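Residue strings, one per chain:
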Amino acid sequence: MGYAHDYAAAIMQRGRVPMPPVDFVPNWSDGPRKAKYYPGVDSLPLPAADYPADASLDRAFGFADGAPGAGEFDLTSLSGMLLDSYGLTGRRLGVQANTDLSALPFYPLANWSRGSASGGGLYPVSVYWVSGPNGPVTPGVHYYSTRHHTMQRLLTGDVSGEVREALGGYANETLTDQYLVLGIKYWQNSFKYNSFSFHAVSMDLGAAVQTWRMWAGARGLSVEPAMWFDEARLQKLLGVDGDEEGVFAVVPLKWAQGRASSPTGPVPGDVSVRHRDIERSRAVFTFDALLKMQAATSEHAPERPAPGALAPAAAPPVNPDLPLAPLPAARPMPGDVRTVLRRRRSSFGRFDASRPVTAEQLAACLAAAGTGSRLGGDTGTGPGAGTGDGVRLAKLYAFVNHVDGLEPGAYEYDPDARELRLVKAGRPGEFLQRNYFLSNYNLEQAGAVLVPTVRTSAVLDAVGDRGYRLVNATIGAVAQSVYTACSALELGCGVALGFDNVSYIEELGLDATGEAPLLIMMIGNERPAPADFRYEIA
């Protein structure tokens, strides 16, 4: 058993046994930027992106007919996908219950909205574009600047062969010379969350990739991340220190008019980005648990798991002996993905129990969550090459407070039959609020609280410590799916990690299956006529 098992156990217990350093207090005045800063580099403005009228959310989730992902990317579609997922799209200022409310009116601390969710609103994922000779620009390595919606050139020259070599056998399955490489600069999150940050940032990765999958799926494109590759080789190529930035995923892009069937030759081994990110913080700290998790989850990164390796860690089936609670057909979500992503936000205590959620809305949210429970298709082994073989890792539970036609209680969700099974009858509001540690939500006022679980230990046993990244990326994908569905359904949504995981295991009886509840997602109608300020910038 590797260190990831110990870290996972500490995460489950942290509501009762605080993780060190227990006396850590963030220095907000010396915090890092929310993006990397490369002074003096050339920038390539990205084109305005069109958006097809039939790019509906139902199509993105696979609930409606559409092309099966055979389309090809071009510069316009790449631009649109990046802007709608991680680019800054507007300024938000609303009266709500989160603890940062008093700071938001001040411009330096402004809250800028994005299509993807992020723990603490910190957005630590760095997006690099490695473009080969078949692309639309001079080959090289670019960094996506979210503040400017531009590509900043970090290296000139064709180094797509380095990415291809790092991917190993998966590169032969996805012939291309265009890659998005996703890194995570740890200090952008650990300055606030210290040792807990690895848990949070790996979910951020899943949320970002799931946005891309939905966005691309609505346009007949395909996005699947590779999560097993030679991480050290890509860190060297990007010029980053492995203790400071992990490389979590590579997304090969099928490119328009590409000639990727004739890959380029090898790249000299000393090639590397020379530009360096300039840190804003005067004092940067490291945390033992974070360093150990980076080391543990990257040690065997090139060793791609065998096909079928994750099958023993699949989500357990529903219990057929539990009382059945049928759900109606899911409410359609015809809204286009771009508009829905622009509306996405966290509710922060605005739920109103006097307006129950409909059963059709709940069914739609659960069905959407199910699309994120398999972070990837069945290419090779996994999410792209990540592992999975299409295996469903996440299982869903629903604590029903106020849903028309459903009695209050705790339920487990059957994603194949799209129905619920009653685990425990009775109003769950008191349990939910007692085991929530923050003051920004009243969980009893939510229509329902959805809880995704993964058999984390079984995943680690099956594919090693790097599987921890896959576990949390899957949970992040589920959360982003629910956020997006709620936006389309005009429901409020909030996601939180500050709860007592062990109490949920006890309440749902998960000891026997080894399931770990990793996140809670509140959905419900919000109070009418909220005090909001919105200013769209994209």
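In what follows, the structure referred to is the one given above.
Everything quoted here is computed from the prediction, not taken from an experiment.

### Remarks on the overall build of the protein chain
The helix and strand inventory of the protein chain stands at 15 helices and 17 strands. The globule rule puts the C-alpha radius of gyration for 538 residues at 24 Å, and the 22 Å found for the protein chain is close to it. Along the three orthogonal principal directions, the C-alpha set of the protein chain runs to about 65 × 50 × 50 Å. Long-range contacts, defined as pairs at least 24 residues apart, comprise 81% of the intrachain contacts of the protein chain with a sequence gap of at least 6. Taken as a whole, the protein chain presents about 20,300 Å² of accessible surface, with 52% of it coming from carbon and sulfur. Here the protein chain holds 47 positive side-chain charges and 56 negative ones, and the gap between their average locations is 5 Å.

### Describing the sheet that holds strand S5 (residues 140-145)
Taken in spatial order, the six strands line up as S1-S6-S5-S4-S7-S8 in an open sheet, and their pairing is antiparallel. Among the strands making up the open sheet, the edge pair consists of strand S1 (43-45) and strand S8 (245-252). Taken over all neighbouring pairs, the strand axes of this sheet differ in orientation by 30° on average, direction set aside. Sheet topology note: the strand S4 (residues 125-131)/strand S7 (residues 178-185) ladder contains seven bridges and is antiparallel. Within the sheet, the bridge partner assigned to Ser-131 lies in S7 and is Gln-178. Against the sheet, helix H3 (residues 75-85) contacts S4, S5, strand S6 (150-156) and S7, and its axis sits at roughly 175° relative to S4.

### Remarks on the pairing of strand S11 (residues 409-414)
Summarising burial for S11: six of the six residues are buried, a large majority. Burial along S11 is two-sided: Gly-409, Tyr-411 and Tyr-413 facing one way and Ala-410, Glu-412 and Asp-414 facing the other are all buried. Of the pairings in the sheet, the one linking strand S10 (residues 394-400) to S11 comprises four bridges and is antiparallel in character. Looking across to S11, one finds that Phe-399 is bridged to Ala-410. Both S11 and strand S12 (residues 419-425) contribute to a ladder of six bridges, which runs antiparallel. Across the sheet, residue Tyr-411 finds its bridge partner in S12, namely Leu-422. Counting the residues that bridge the hairpin from S11 to S12 gives four residues, and of these Arg-418 lies at a positive phi of roughly 55°.

### Some words on the pattern of salt bridges
Between side chains of opposite charge, a pair can form when the charged atoms approach closely. Applying the stated criterion across every chain yields a total of 19 salt bridges. With a closest N to O distance of 2.5 Å, Lys-185 and Asp-277 form a salt bridge. Separated by 92 residues along the polypeptide, Lys-185 in strand S7 and Asp-277 in the loop between S8 and helix H9 (288-298) bring together distant segments of the chain. The class for Lys-185 is buried, based on a relative accessible area of 9%. Sharing partners across several salt bridges, the network here consists of Arg-16, Asp-500 and Glu-506.

### Some details on helix H15 (residues 501-508)
Most of H15 is tucked away, with six of its eight residues classed as buried. Every buried residue belonging to H15 is among Asn-501, Val-502, Ser-503, Tyr-504, Ile-505 and Leu-508, and all of these are buried. Remark: Gly-509 follows H15 within two positions and exhibits a positive phi of approximately 65°.

### Some thoughts on the sheet that holds strand S2 (residues 90-94)
The three strands lie next to each other as S3-S2-S17, forming an open sheet whose pairing is antiparallel. Across the chains shown, the open sheet's two edge strands, defined by having one partner strand only, are strand S3 (111-113) and strand S17 (532-536). Neighbour to neighbour, the strand axes of the sheet diverge by 30° on average, direction disregarded.

### Quick notes on the packing of aromatic side chains
Inspection of every chain in the model, using the stated rule, returns 23 aromatic pairs. Relative to Tyr-143, the ring of Tyr-128 has its centre 5.8 Å away and its plane inclined at 55°; by these criteria the two rings are tilted. Placement of Tyr-128 in strand S4 and of Tyr-143 in strand S5 is noted, with a sequence separation of 15 residues between them. Like Tyr-128, the residue Tyr-143 is buried in the burial classification. Plain terms: the ring middles of Tyr-186 and Phe-198 are 6.1 Å apart, the flat faces sit at 35° to each other, and that makes the pair tilted. A residue pair is termed long-range when its members are at least 10 positions apart, and Tyr-186 in the loop between S7 and helix H6 (187-193) and Phe-198 in helix H7 (residues 197-218) qualify at 12 residues. With a relative accessible area of 2%, Tyr-186 lands in the buried category. Taken together, Tyr-7, Tyr-186, Phe-198, Phe-248 and Tyr-468 form an aromatic cluster joined through their ring pairs.

### Observations regarding the packing of helix H11 (residues 359-372) against helix H14 (residues 467-489)
In contact at an axis separation of 7 Å, H11 and H14 are set at 145° when each is read in the N-to-C sense. Between H11 and H14 lies a crossing of right-handed hand. Here Gln-361, Ala-364, Cys-365, Ala-368, Ala-369, Thr-371 and Gly-372 of H11 lie close against H14, whose contacting residues are Thr-474, Ala-477, Val-478, Ser-481, Val-482, Ala-485, Cys-486 and Leu-489. Among the residues making up the contact of H11 with H14, the classes are represented as 10 nonpolar, five polar and no charged.

### Re unusual backbone geometry
Residues Pro-20 and Pro-21 are joined by a peptide bond in cis, for which omega reads 0°. Along the chain, Pro-21 turns up in the loop between helix H1 (3-13) and S1. The phi angle at Tyr-123 is positive, at roughly 50°, despite the residue not being glycine. Overall, Tyr-123 belongs to the buried group, its relative accessible area being 7%. Not every positive phi belongs to a glycine, and Phe-348 is a case in point at roughly 50°. Topologically, Phe-348 is positioned in the loop between helix H10 (337-343) and H11.

So, how was this worked out
Residues numbered from 1 in each chain as written. Predicted model: local features only at pLDDT ≥ 70, side-chain atom pairs only at ≥ 80, totals over all residues. Heavy atoms only, no water. Helix = DSSP H or I, 4+ residues; strand = E, 2+ residues; numbered from the N terminus. Rg over C-alpha atoms; globule rule 2.2 N^0.38 Å. Contact = heavy atoms within 4.5 Å. Areas by Shrake-Rupley, 256 points an atom, 1.4 Å probe, with all protein chains shown as cover. Lys, Arg positive; Asp, Glu negative; His and termini not counted. Charge placed at Lys NZ, Arg CZ, Asp CG, Glu CD. Pairing = 2+ DSSP bridges. Axes fitted to C-alpha atoms, helices over the stretch in contact; angles between N-to-C directions. Buried < 20%, exposed > 50% of the residue type's maximum accessible area, 1.4 Å probe, protein only. Salt bridge = Lys/Arg side-chain N within 4 Å of Asp/Glu carboxyl O. Phe/Tyr/Trp six-rings, centres within 6.5 Å; stacked < 30°, edge-to-face > 60°. Left-handed = near helix turned anticlockwise from the far one by under 90°. Nonpolar A, V, L, I, M, F, W, Y, C, P; charged D, E, K, R; others polar.

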